[in-house]
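# Geometric and topological summary
Chain by chain, the residues:
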Amino acid sequence: MWTPLVTLIALVLLTAAGAAAAVALTTTDHQRALRAVTLLKILLGALLGSSSVLAAVIRLHQAGLL
């Protein structure tokens, strides 16, 4: 049950990060590029920071400890 949910969340975050990166690289509006870079930083922090915590929680649940 956890696998499809985690996969869906990861795909949504990766798609949003890809879109933010594309906007940051291709736009000519400086303010829009700054907002896209800020969003990209937030999304990458969410992807890289919480993935190990989420994996640990899933492993603990599978082991019956949670």
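Residues numbered from 1 in each chain as written. Predicted model: local features only at pLDDT ≥ 70, side-chain atom pairs only at ≥ 80, totals over all residues. Heavy atoms only, no water.

## Remarks on the overall build of the chain
In plain terms, the rule: Only runs of H or I of at least four residues qualify as helices and only runs of E of at least two qualify as strands under DSSP, and these elements are numbered from the N terminus. Relative accessibility under 20% of the residue-type maximum defines a buried residue, over 50% an exposed one, and the middle range a partly exposed one, all with a 1.4 Å probe and only protein chains included. Note on areas: Shrake-Rupley, 1.4 Å probe, and residue coverage restricted to the protein chains presented here.
When helices and strands are counted, the chain shows 2 helices and 0 strands. Classification of the 66 residues of the chain by burial places 12% in the buried group. As displayed, the chain offers around 5,100 Å² of accessible surface, 73% of which is attributable to carbon and sulfur atoms.

## Side note on the environment of Arg32
Note the following rule: It only takes one pair of heavy atoms within 4.5 Å for two residues to be counted as in contact.
Position of Arg32 among the secondary structure elements: in helix H2 (residues 30–62). Ignoring any residue separated from it by four or fewer positions in sequence, one finds Arg32 in contact with Val23 and Thr27.

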